[in-house]
Amino acid sequence: MISLAGRDILHSWSKFVFTGIGLGLLIGVTLSMAGVYRGMVDDAKALLDNSGADLWVVQKDTLGPYAESSSLRDDIYRDLLGLPGVARAANVTYLSMQVRQGGSDKGADVRAMVVGVVPGQPGEPGYLVAGRQITHDHYEAVADVKTGFALGEVIRIRRHDYTVVGLTRRMVSSGGDPMVFVSLKDGQEAQFLKDNEAILSDRARTAANPSLNRPGVPGLLDAIQASQASNHNVNAVLVRVATGDDPETVAREIRRWKHLQAYTRAQMEEILVSKLIQTSAKQIAMFLVILAIVSAAIVAFIIYTMTLGKIREIAVLKLIGTRDRSIAGMILQQALGLGFIGFAVGKIAATLWVPIFPKYVLLTPEDSLRGFVAVMLICAIASTLAIHAAIKVDPATAIGG
Amino acid sequence: MAEANLTDDGIHIEGLRKRYGAGDTAVDALKDVNMRVAPGEVIGLVGPSGSGKTTLLKCLGAVIEPSAGRMTLGGEVIYDGAWKTKDLRALRRDRIGFVFQAPYLIPFLDVTDNVALLPMLSGCPNAEARQRALELLGALDVAHRAGAQPSQLSGGEQQRVSIARALANQPPVILADEPTAPLDSERALAVMRILNQMASQYRTAIIVVTHDEKIIPTFKRIYHIRDGKTYEEAGEGRAIDG
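Position labels on residues start from 1 in each chain and follow its written sequence. Written order determines the labels here, with chains lettered from A and ligands numbered from 1. Local features in this predicted model are restricted to residues whose pLDDT is 70 or higher, and side-chain atom pairs enter the listing and the counts only when it is 80 or higher, whereas totals over whole chains, interfaces and linings include all residues. No hydrogens and no water enter the side-chain calculation; it runs on all heavy atoms of the structure.

Caption draft 1: A look at the interface of chain B and chain A. Note on contacts: a residue pair qualifies if any of its non-hydrogen atoms lie within 4.5 Å across the two residues. Counting residues at the interface gives 26 residues for chain B and 25 residues for chain A. Simply put, the buried area is the total loss of 1.4 Å probe accessible area from both parts when two parts are fitted together. For the pair chain B and chain A, the two sides together bury roughly 2600 Å², of which 67% comes from carbon and sulfur. Area buried by chain B at its contact with chain A is led by Arg89(B), Tyr104(B) and Phe108(B), which between them contribute 28% of it. Whenever Lys or Arg places a side-chain nitrogen within 4 Å of a carboxyl oxygen from Asp or Glu, that contact is recorded as a salt bridge. At the junction of chain B with chain A, the criterion picks out three salt bridges. Ionic pairing is found between Arg323(A) and Asp87(B), a salt bridge with its closest N-O pair at 3.2 Å. The definition of a polar contact used here is a pair of N or O atoms within 3.5 Å, where within protein one atom must be able to donate a hydrogen and the other to accept one, and adjacent residues in sequence count solely through side-chain atom pairs. At the surface where chain B touches chain A, the tally comes to eight residue pairs in polar contact (both at pLDDT 80 or more). In DSSP terms, a helix is any run of H or I states spanning at least four residues, a strand is any run of E spanning at least two, and both are numbered starting from the N terminus. Taken together, the elements giving at least two residues each to the side of chain B that touches chain A come down to helix 1 (53–60), helix 2 (88–95), helix 3 (111–121) and helix 4 (126–139) of chain B.

Caption draft 2: Broad picture of unusual backbone geometry. Of note, the phi angle at Asp61(A) is positive, near 65°, even though the residue is not glycine. Within the secondary structure, Asp61(A) sits in the loop between strand 1 (55–58) and strand 2 (72–73). Relative accessibility under 20% of the residue-type maximum defines a buried residue, over 50% an exposed one, and the middle range a partly exposed one, all with a 1.4 Å probe and only protein chains included. In this structure Asp61(A) comes out as exposed when scored by relative accessible area, which is 67%. One non-glycine residue, Asp141(B), adopts positive backbone phi at about 65°. Using a relative accessible area of 53% as the deciding quantity, one classes Asp141(B) as exposed.

Caption draft 3: Looking closely at the packing of aromatic side chains. Ring pairs are drawn from Phe, Tyr and Trp, using the six-membered ring of Trp, whenever the two centres fall within 6.5 Å, and their geometry is named by plane angle: stacked under 30 degrees, edge-to-face over 60, tilted for the rest. Throughout the structure, instances matching the rule amount to seven aromatic pairs over all chains. When the ring of Tyr79(B) is compared with that of Trp83(B), the centres are 5.3 Å apart and the planes differ by 75°; the resulting orientation is edge-to-face. Exposure remark for Tyr79(B): the relative accessible area of 0% places this residue in the buried category. Under the relative-accessibility criterion, Trp83(B) is labelled buried at 17%. What links up through ring pairs into an aromatic cluster is the set Phe340(A), Phe343(A) and Phe372(A). A positively charged side chain is recorded as over a ring if its NZ (Lys) or CZ (Arg) lies within 6 Å of the ring centre. The angle to the ring normal must also be within 35 degrees. Over the ring of Tyr360(A) we find Arg170(A), and its NZ or CZ is 3.8 Å from the ring centre.

Caption draft 4: Highlighting the pattern of salt bridges. Inspection of the entire model under this criterion finds 30 salt bridges over all chains. With a shortest N-O distance of 2.7 Å, Arg170(A) and Asp42(A) are connected by a salt bridge. Here Arg170(A), found in the loop between strand 8 (160–168) and strand 9 (179–183), pairs with Asp42(A), found in helix 2 (residues 13–51); they are 128 residues apart in sequence, far enough to count as distant. You can call Arg170(A) partly exposed: its relative accessible area is 21%. Note that Asp113(B) is salt-bridged to Arg130(B), the shortest N-O span being 2.7 Å. Taken together, the positions of Asp113(B) in helix 3 and Arg130(B) in helix 4 put the pair 17 residues apart, joining distant regions of the chain. By relative accessible area, which is 2% here, Asp113(B) ends up buried.

This is how it looks when you write it as structure tokens:
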């Protein structure tokens, strides 16, 4: 038996192809939206992977350091190192800010997460694509390639200039901002250091306070002012658990004895994926639902219009003995054919335009497969309207008019 | 043309009635239709607009159900107060050929497949159906356009292909609804010549519904239909040249 749908598609291929391209661009947007969500989840996982930690120790009663702010004294890591099961522990600071390119106030600025790390400890970038790791205590930086910074380039963080000595890849915050790694001291300074006017003002205010500037206590005022001008806080301590030890057991010990919050990898992933990007995920899900409805409406409209254009032929086909199921099959196959063309165009379009998105967009084969099944399902459902119209066609209309 | 053989083969209609609606609004489109068309015979069915020609054709074509009467097609009683078969679609496919005013060829099938579609729908293998289509196209002198799309054919060629389609399943009956209406005299007579040849060659009973004054003299017998009733009259049976 002849494939009526196939012949019709071949006969009016340009109509199908151009309609398929239009539908495909819509499907491409849908796939990209799914990719944006996957990218956000992957960014969150990359953040955890790249930190090289088994446990995140943060301020008690917070979901820090990524989902909430957290502040710890920077000597706590020594206490943690003394606990059984803790192999390594390192301070780390995180601060999202604008990093200025070119080392001047006039350069372009880049949104980045500045990470203060201890060289050689958990938290530093796991691998480099160019240059070297940080070796000096000050004014060196390793940047993710997405910042656009070049090796040897001078960048400005707060009021200090840093030289980019290394480049890394896929080191991003949970929000997708590329990371710039500096030494822990620089990170603390960037996060907590006050500007000169504020320091002068604080000094004057402290000196004017009689309880802090007692005549009979030499050195008190200097000690207080030094304390105010320096910073000994970090956002988290990254802990590597000794081989063979259970991270959850170690985390429980930290929570019990150190009055801190400690999260395992699974708990941190839950915080990032289920809490931090939950609203964004719902937003994207809404878009996906709307796009699916719009796609279904478009396919239904196109197939219905195409069917109405063939009412006389359908009446003749029915009059000469074509079964309803053959005619329904023809319309269904055309809808699926349109969906197939649309999906192919959408997949190609999404693959082509995804790399130019500013944030990471991840197109997974699983999502493509789900998308393909969804498109076919939507097309099949959308064709029912046209099938209903075709089934209702009276073969008598072919005779006499 | 073969001599008319008025047996129960061909078309035999007795007391056919068709009523639309019910009660005060009921309309009797066919009141008492009686017709006989022998195998190999081509008869004309003429009448003014609204006389019931199209309703009769639809009843004969098994697309609307008569209200009463008896119809026999190709020796098989298809209606006797009720349809005698449940599968009217198969009845139309296998026992009735249709030729329309406009050819109504399927635009996305080539000429061969337009003709071969019917045998294929009846379960005939594709190759065999195409072979039969090519033979018919040859008999109708359009074999050279076998691979063309309908839109590439002239009006006369399209009508010849639609006649080939009507003959594809070798039905005992062909119903032709004003098949010459859009054609000029020469082409209209050519179509009538073909219908007569095919009727003779395939022993097919053909009813041609027409208003066309050009072709009415070619019929040997004509049925007039007025106010839902048929009246038989002898035609001129003028020979068609060519």
